[in-house]
Amino acid sequence: MDVLRGSFLTLAAAALLALPAAAQTSITVASTTSTEQSGLFGHLLPAFKVATGIEVKVVALGTGQALDVARRGDADVVFVHDQAAEEKFVADGYGVKRTPVMYNDFVIVGPADDPAKAAGKDTLEALRKIAAAKAPFVSRGDKSGTHAAELRYWQQAGLDLAAIRSDWYREIGQGMGPALNASSAANAYVLTDRATWLAFRNRGQLRILVEGDVRLFNQYGVILVDPKRHPHVKTEAGQRFIDWLVSPAGQKTIADYKIGGEQLFFPNGPKG
Amino acid sequence: MLETFAEAARLLLVLDPAVAGIATMSLRVSVAASAIGCAIGIPVGALVAIARFPGRAVVVVVLNALMGLPAVVVGLVVYLALSRSGPLGHLGLLFTPGAMIVAQTVLVTPLVAALTRQIVEDADGELGEQLRAMGLSTLQRARTLVFDVRFSLAVAVLAAFGRAIAEVGAVLVVGGNIAGHTRTMTTAISLETQKGDLPLALALGFVLLAIVIVVNAAAAALRSHAARRYG
């Protein structure tokens, strides 16, 4: 065999394999692990595709990383949950406008026997007890929306994490699912969004200990990446996705998503 | 643990049709990357094996070291290159199967080149003298030796395919694990593990293992058939 000619033919064949399957309108949405791993997108996107014919490709990351991907121009829309970071994203000129879509809530889960006696409705008190007992606590540590919320709660509880943390505080630098897996393995406490928790299968001894505190409210927002910054952004299709999410049809589809009869996300987009 | 295995075995029988699509994506990306990797790596490895040039020893060490290239680092570098803000951003390849092929090609090409270099160099030890006596150029000798060791090079091809189909770090970063688009067997296993659905993750692992075994068995059969016929 002629090595060079063979190489060339192989390259040509490989290039064919690399061609995209079919050309159709699609947008890339950078979103969070909670919306993907809870199964919401699996429920939402087929309905959107039926309504508009637009295919949505979701890249699921932590909120910080999702915003970073969008900042680089690698997504058309971001759909995340960290209001402060989202507003900064828009203010910095990367996004057109932030639109609230829905909310769910955070819960603190931990071992059923609750060695730190953290169970109750008061998030901050629970964190103080966990810190006082030096009970194992798993932190996302990945600049996600949930991580940002967790750090905010420690601060509000009047605890200086840098000063009090030791072996009991375990920063794993991964998504919600891995954090729950780690907690389940070590019988540790962890802050999680309720949706990922409900969809999570490997619970072990864990159960919900703290819920229902107004502080645990978790708002999701959607932002179109600014085409002035990144001209290749699919503005029209991206805007249609945002419009559909906050339309009566989109909001109802969000409300209809349930696991074991329990609603995971509560639509609260702007009316009209 | 046993329960997880039993559940995994049960899931294998009722696997979602989506799994077939994911397996196809894995095969498509890894086969393309291995093919490109071999198309580049085999000629490069063969030339390094027999050509004499200053700094050759360094090139050999670097090639061998690159066999251990961390997949996630390759993923990150290719991500930065293909990102809209990167030098190749205008191609719009990020988060597509094409991006995954590029990343895996970077990953497996040095592996093929390093293994080819070793195999061809050994053959050159036996036949080199003769070929040089025939007055063949370096390129001609490389070509002859590659042809001579073609059945042994199958191991380089299979190593490239094995590395590509088993890695998760690079495809996850540059492909984005997008459902129905860039989800491969390894990124799907990683996702199911994250969701805590360990039985499903394990079932997918069995499927991946089965694919790898079938591909290797097919390669072995092809090789022995070819060796009988043309050896």
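Computed from a predicted structure; not experimentally measured.

With respect to the overall build of chain B
A tally of regular secondary structure across chain B gives 10 helices and zero strands. Seen in sequence order, chain B has helices and strands lined up from the N terminus as α-α-α-α-α-α-α-α-α-α. Projected onto its principal axes, the C-alpha positions of chain B cover 65 × 50 × 30 Å. Counting the 231 residues in chain B, one finds 47% classified as buried. At a minimum sequence separation of 6, the contacts of chain B that also span at least 24 residues come to 75%.

Section: the domain arrangement of chain A
All names here are of chain A. When the domains of chain A are assigned, the result is domain 1 (25-104 + 218-267) and domain 2 (105-216). Computed over C-alpha atoms only, the centres of domain 1 and domain 2 are separated by 26 Å. Each partner contributes to the interface: domain 1 provides 15 residues, whereas domain 2 provides 18 residues. Overall, the association of domain 1 and domain 2 removes approximately 1300 Å² of surface from exposure, summing both partners, and the carbon and sulfur fraction of that is 57%. Together, Gln-37, Asn-104 and Asn-218 form the three largest contributors to the area buried by domain 1 at its contact with domain 2, with a combined 31%. At the surface where domain 1 touches domain 2, the tally comes to one salt bridge. Glu-262 serves as the salt-bridge partner of Arg-194, at 3.9 Å between the closest nitrogen and oxygen. Those elements giving two or more residues to the side of domain 1 that touches domain 2 turn out to be helix 2 (33-37) and helix 4 (63-71). Ranked by the residues each element gives to the side of domain 1 that touches domain 2, the list is headed by helix 2, at three residues. Residues that form the side of domain 1 that touches domain 2 fall into these classes: three nonpolar, 10 polar and two charged.

A look at the side chain of Thr-96 of chain B
Residues and elements named next belong to chain B. One can find Thr-96 in the loop between helix 4 (71-82) and helix 5 (97-133). We classify Thr-96 as buried; its relative accessible area is 16%. Beyond its immediate sequence surroundings of up to four residues, Thr-96 is in contact with Val-174, His-181 and Thr-182.

Observations regarding the interface of chain A and chain B
On the side of chain B, 32 residues touch chain A, which itself brings 31 residues to the contact. The interface formed by chain A and chain B includes two salt bridges. In this structure, Arg-201 of chain A and Asp-197 of chain B form a salt bridge, with 3.0 Å as the shortest nitrogen-oxygen distance. The interface formed by chain A and chain B holds 12 residue pairs in polar contact (both at pLDDT 80 or more) in total. Looking at the side of chain A that touches chain B, the elements with two or more residues in it are helix 1 (3-18), helix 2, strand 2 (55-61) and helix 9 (176-186) of chain A. At eight residues, helix 1 of chain A tops the list of elements feeding residues into the side of chain A that touches chain B. Of the residues contributing to the side of chain A that touches chain B, the split by class is 15 nonpolar, 10 polar and six charged.

Details of the environment of Ala-132 of chain A
Within the fold, Ala-132 of chain A resides in helix 6 (residues 123-133). Linking Ala-132 of chain A and Gly-53 of chain A, residues 79 residues apart in sequence, is a C-alpha distance of 54 Å.

Describing the pattern of salt bridges
Within the structure shown, the criterion is met by 16 salt bridges over all chains. Residue Arg-183 of chain B pairs with Glu-36 of chain A through a salt bridge whose shortest N-O separation is 2.7 Å. Of the two residues, Arg-183 of chain B is situated in the loop between helix 8 (169-175) and helix 9 (185-194) and Glu-36 of chain A in helix 2; the pairing between them involves two chains. The exposure class assigned to Arg-183 of chain B is buried, which follows from its relative accessible area of 13%. The salt bridge involving Glu-192 of chain B is made with Lys-195 of chain B; its shortest N-O contact spans 3.7 Å.

What about the packing of helix 3 (residues 40-52) of chain A against helix 12 (residues 248-256) of chain A?
Residues and elements named next belong to chain A. Contact geometry of helix 3 with helix 12 gives a least axis separation of 9 Å together with a crossing angle of 150°. One element, helix 3, and the other, helix 12, form an angle in the roughly antiparallel class. With respect to the hand of their crossing, helix 3 and helix 12 are arranged in right-handed fashion. Contacts from His-43, Leu-44 and Ala-47 of helix 3 reach helix 12 at Gly-250, Thr-253, Ile-254 and Asp-256.

So, the packing of aromatic side chains
All names here are of chain A. Within this structure, the stated rule accounts for 13 aromatic pairs over all chains. When the ring of Phe-48 is compared with that of Trp-244, the centres are 5.4 Å apart and the planes differ by 55°; the resulting orientation is tilted. Taken together, the residues Phe-48 in helix 3 and Trp-244 in helix 11 (residues 235-246) connect sequence positions 196 residues apart. For Trp-244, a relative accessible area of 9% gives the class buried. Judged by centre distance (5.9 Å) and plane angle (5°), the rings of Phe-137 and Tyr-169 are stacked. Here the residue Phe-137 occupies a position in strand 5 (residues 137-139), and Tyr-169 occupies one in strand 6 (residues 169-171), the gap between them amounting to 32 residues. By relative accessible area, Phe-137 is classed as buried at 1%. Ring pairing ties together the aromatic residues Phe-41, Phe-79, Tyr-220 and Phe-265, which thus form one cluster. A cation over a ring is seen here: Arg-203 above Trp-197, with NZ or CZ 4.4 Å from the ring centre. Above the face of the Tyr-94 ring, Arg-229 is positioned so that its terminal group lies 4.2 Å from the ring centre.

A word on the nonpolar core
Ranked by size, the top nonpolar core spans 96 residues in total, and within it Phe-79, Phe-241 and Leu-245 of chain A carry the most contacts. No other element matches helix 5 of chain B, which puts 11 residues into this core.

Concerning helix 6 of chain A
Note: α-helices contain 3.6 residues per turn, so residues at a spacing of three or four share the same orientation. Residues and elements named next belong to chain A. Buried within helix 6 we find Thr-123, Leu-124, Ala-126, Leu-127, Ile-130 and Ala-131. The arc that holds the buried residues of helix 6, viewed along the axis, is 160°, so those residues lie on one side. Check the buried side of helix 6 and you find it contacts strand 4 (95-111), strand 5, helix 7 (145-156), helix 8 (161-164), strand 7 (189-193) and strand 8 (206-210). Measuring from the side-chain oxygen of the N-cap residue of helix 6 to the backbone nitrogen of Leu-124 gives 3.0 Å; that N-cap residue is Asp-122. One or two steps after helix 6, the chain reaches Lys-134, where phi turns positive at roughly 50°.

Reading guide: rules and limits
- Residues numbered from 1 in each chain as written.
- Chains lettered and ligands numbered in written order.
- Predicted model: local features only at pLDDT ≥ 70, side-chain atom pairs only at ≥ 80, totals over all residues.
- Heavy atoms only, no water.
- Helix = DSSP H or I, 4+ residues; strand = E, 2+ residues; numbered from the N terminus.
- Buried < 20%, exposed > 50% of the residue type's maximum accessible area, 1.4 Å probe, protein only.
- Contact = heavy atoms within 4.5 Å.
- Domains from an automatic or database assignment.
- Buried area = accessible area lost by both parts, 1.4 Å probe.
- Salt bridge = Lys/Arg side-chain N within 4 Å of Asp/Glu carboxyl O.
- Nonpolar A, V, L, I, M, F, W, Y, C, P; charged D, E, K, R; others polar.
- Polar contact = N/O pair within 3.5 Å; in protein donor to acceptor, adjacent residues only side chain to side chain.
- Axes fitted to C-alpha atoms, helices over the stretch in contact; angles between N-to-C directions.
- Parallel < 35°, antiparallel > 145°, perpendicular 65-115°, else oblique.
- Left-handed = near helix turned anticlockwise from the far one by under 90°.
- Phe/Tyr/Trp six-rings, centres within 6.5 Å; stacked < 30°, edge-to-face > 60°.
- Lys NZ or Arg CZ within 6 Å of the ring centre and 35° of its normal.
- Core = buried A, V, L, I, M, F, W, Y, C linked by side-chain atoms within 4.5 Å.
- Arc of directions from axis to C-beta.

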